[in-house]
Amino acid sequence: MSSTGNNADYNLVDYDSKRSSFSWDTVEKELGFGEAGYEHNIAHLAVDRHATGVLRDVIAFRFIQKDRSRQEFTYLQLKEESSRFANVLSNLGIQKGETVFSLAGRIPALYITALGSLKATAVFCPLFSVFGPEPVFQRLHKGEAKILVTTSAIYERTVNQLEDRLPSLQYIILSDLEEHRSDKVLSWSRLMKEASPDFEIPTTGPEDPALLHFTSGTTGMPKGALHVHKAVHTHYITGKYVLDFHPGDIFWCTADPGWVTGTSYGIIAPLVNGVTSIIDQEEFDAMRWYSILQEQKVNIWYTAPTAVRRLMRMDIKPLEKFNLDSLRVILSVGEPLSAEAVLWGERSFGIPILDNWWQTETGGIMIANYPSMEVRPGSMGKPLPGIEAALADVTEEGFKLIEYPGKQGHLVLKKGFPSLFRAYLHEEERFKKCFAGDWYLTGDLAKQDADGYFWFIGRADDIIKTSGHMVGPFEVESTLMRHPAIAEAAVIGKPEPSIGELVKAFIVLKPGKEPTEDMKLDITGFARKNLGPAVAPKEIEFVSSVPKTRSGKILRRLLKARELGLPEGDTSTLEQN
Ligand code: AMP
């Protein structure tokens, strides 16, 4: 399939030659590094350096509120607001390397918290605002949260009930509170009013921790993937070559900053490349989205397969109703983007939707279809210049790279790129297990064709992707087990065309408990209340036992195979009931 337009205008004109000439060493020069100690700081590179230059009065963020009114921040205003918040943190005694958590929707305070925290050399950790109390607790507890920025509504609904279990939580800043409520529950506007808009960024090393993103594992509770300030090199380069940012561009990333895409590409990459971002505070609505693309003259639109599938189902021909002449690049990430969706994009917008692949641990885009390159519908594309991707056999016996084209294998990336995570918080062993020699094991299975394009096959583990969000089965099972009628729970991802996979729970009830519809409703209500609607099981099936290995591990793979009517594979470790 043809590429998006006239190659000569793209930042990446010729993939092969850029790939062979690229070096990460040149990025500092491109970013205008000087001698000051703060040159590596993400907030300096994303905001302050522009605020004192030609981009000073350019809109950095344009928030579109639910009623369509706008709130805008120029680069200069963003510098001042983020400096105020950095001063708030230092006034509260938050030290370098301590984590600042946010739990909010796409409101300005969240974005200012992110940038102010980075400026103050604290670590920023966004949590998804739709999480129920349990997922929030797990993450704040593991991160030993001292400070959290949230809203009054989320505080009342979720955080309030957790306070006794979070003794280290010292400050809760509410974005919409007029006056401080106590020494602990503080007003954002009061703190910001009292803080100076001038802040000198302290010396920041490239390897200083900057961002913490929780992601789900198959076993155990969520893992906190830690990224350093140098990750911004990847954000900058992918913004340039994959998103194809040009001066004056209007960019819309529909992802929520509660997840890594909404931070890396909803905050950092567009700012470091000096463009204007649109942030819609409302949830998905097809007509609203198309009208925003038109009204805001969006040039680059980064979205996800779940949204694309919903748009496909609506049967609206956008070009007949809307003027989308400004739209130059459309991209998608988070789940496989089917060939059909790519072709639908071409028919509906006149340009294909460019799929790209990455994950929380890689911090930025790793494999992509580039605007200037031939698009293979259904493929994730080719590795970013500066990134070496390969396939490997990974077994108990060891690790062996596979020659391509041919067999499928584990997708692995050569270590050494700037945005690779540096640790799982407090989990050295889990971190070490992700590496084999020089290679990072992504946990995904893929294949590569004779021309070097990568094709996604699936996860190598039991992690569930639902509406683009990672859900760890163990986390869901642990919460379900707290229901008084449940003896055992096993959770899988069941393929569902509109949301990728839905969370399905197999439940063994305690003796004497009846597997009725009312019980199902009760368990569903319990799960939604504690886990939040994005994580709670959408389907529940009562069973008399769940398959386990002799050592007691739930065989989710077997449950899934049975659910889908697929071969059961090797069941030699199955415990006989
Ligand atoms: P997360 O860490 O939550 O961003 O999820 C990362 C995982 O999402 C990857 O390891 C893949 O399993 C999946 N994923 C992300 N992008 C794609 C894509 N373009 N195609 C297929 N799967 C994807």
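Notes on the structure follow. (Residues numbered from 1 in each chain as written. Predicted model: local features only at pLDDT ≥ 70, side-chain atom pairs only at ≥ 80, totals over all residues. Heavy atoms only, no water.)

Quick look at the packing of aromatic side chains
Counted only if it meets this: Put simply, two rings from Phe, Tyr or Trp (the six-membered ring, in Trp's case) pair if the centres are within 6.5 Å, and we call them stacked under 30 degrees between planes, edge-to-face over 60, tilted for the rest. Numbering of helices and strands starts at the N terminus; helices are DSSP runs of H or I of at least 4 residues and strands are runs of E of at least 2. Relative accessibility thresholds used throughout: buried, under 20% of the residue-type maximum; exposed, over 50%; partly exposed, between the two (1.4 Å probe, protein chains only). Ring-over charges, as used throughout, are those where CZ of Arg or NZ of Lys falls within 6 Å of the ring centre and within 35 degrees of the ring normal.
Within the structure shown, the criterion is met by 28 aromatic pairs. With 5.2 Å between their ring centres and 80° between their planes, Phe 63 and Tyr 111 make a pair best called edge-to-face. Placement of the pair is Phe 63 in strand E1 (residues 59-64) and Tyr 111 in helix H5 (residues 108-119), with a sequence separation of 48 residues. Across this residue pair, the class does not change: Phe 63 and Tyr 111 are buried. Ring centres of Tyr 290 and Phe 322 lie 5.7 Å apart, and the angle between their planes is 35°; this geometry places the pair in the tilted category. In this pair, Tyr 290 is assigned in helix H11 (residues 286-295) and Phe 322 in the loop between helix H13 (318-321) and strand E13 (329-332), connecting sequence segments 32 residues apart. Here Tyr 290 and Phe 322 have matching classes, each one buried. Within the aromatic cluster, the residues linked to one another by ring pairs are Trp 252, Phe 284, Trp 289, Tyr 290, Trp 301, Phe 322, Trp 344 and Phe 349. Directly above the ring of Phe 137 sits Arg 165, whose terminal nitrogen or CZ lies 3.8 Å from the centroid.

Description of the pattern of salt bridges
Put simply, the rule is: The salt bridge definition used is simple: a Lys or Arg side-chain nitrogen within 4 Å of an Asp or Glu carboxyl oxygen.
For the structure on display, the rule yields 43 salt bridges. A salt bridge links Arg 422 to Glu 207; the nearest nitrogen and oxygen atoms lie 2.8 Å apart. One end of the pair, Arg 422, is in the loop between strand E19 (409-414) and strand E20 (423-424); the other, Glu 207, is in the loop between helix H8 (188-194) and strand E8 (209-215), and 215 residues separate them in sequence.

Here's the deal with the side chain of Thr 254
So the rule is basically this: Polar contact is defined as a pair of N or O atoms within 3.5 Å, subject to the rule that within protein one atom must be able to donate a hydrogen and the other to accept it, and that residues adjacent in sequence are counted only when both atoms are side-chain atoms. The criterion used for residue contact is that any of the two residues' heavy atoms lie within 4.5 Å.
If you trace the backbone, Thr 254 turns up in the loop between strand E10 (250-253) and helix H10 (260-272). At a separation of 3.0 Å, a polar atom in the side chain of Thr 254 contacts the side chain of Thr 303. For Thr 254, the contacting residues outside a window of four places in its chain are Trp 289, Trp 301, Tyr 302 and Thr 303.

What to know about helix H12 (residues 305-314)
Those residues of H12 not exposed but buried are Pro 305, Thr 306, Ala 307, Val 308, Arg 309 and Leu 311. Those residues of H12 that are buried are in contact with H11, strand E12 (300-303), E13, helix H14 (339-349), strand E14 (353-357) and strand E27 (500-509). Immediately downstream of H12, the backbone of Asp 315 shows phi near 55°, a positive value.

Things to note about the nonpolar core
Spelled out, the test is: Only buried residues count toward a nonpolar core, which is a set of Ala, Val, Leu, Ile, Met, Phe, Trp, Tyr and Cys residues joined through side-chain atoms within 4.5 Å.
Residues Phe 85, Ile 173, Leu 271, Trp 301 and Tyr 302 are the most contacted members of the largest nonpolar core, which totals 126 residues. Leu 148, Phe 214, Leu 480 and Ala 536 belong to the second-largest nonpolar core, a separate cluster that totals 47 residues.

Observations concerning empty space enclosed by the protein
Condition: Here a cavity is any set of points on a 1 Å grid over the protein atoms alone where a 1.4 Å probe fits but cannot get out, and a pocket is any open set with protein on both sides within 12 Å along at least 5 of 7 lines; a residue lines the site when it has an atom within 4 Å of a point. Grid points are joined across faces, edges and corners, and a volume is the space filled by probe spheres set on the points.
Tallied over the entire structure, the rule returns two cavities of 30 Å³ or more. By volume, the largest cavity amounts to about 90 Å³. For the largest cavity, the full set of lining residues is Pro 126, Leu 127, Phe 128, Phe 131, Arg 139, His 213, Phe 214, Gly 258, Trp 259, Val 260 and Thr 360. Secondary-structure elements contributing two or more residues to the lining of the largest cavity are strand E4 (123-127) and E8.

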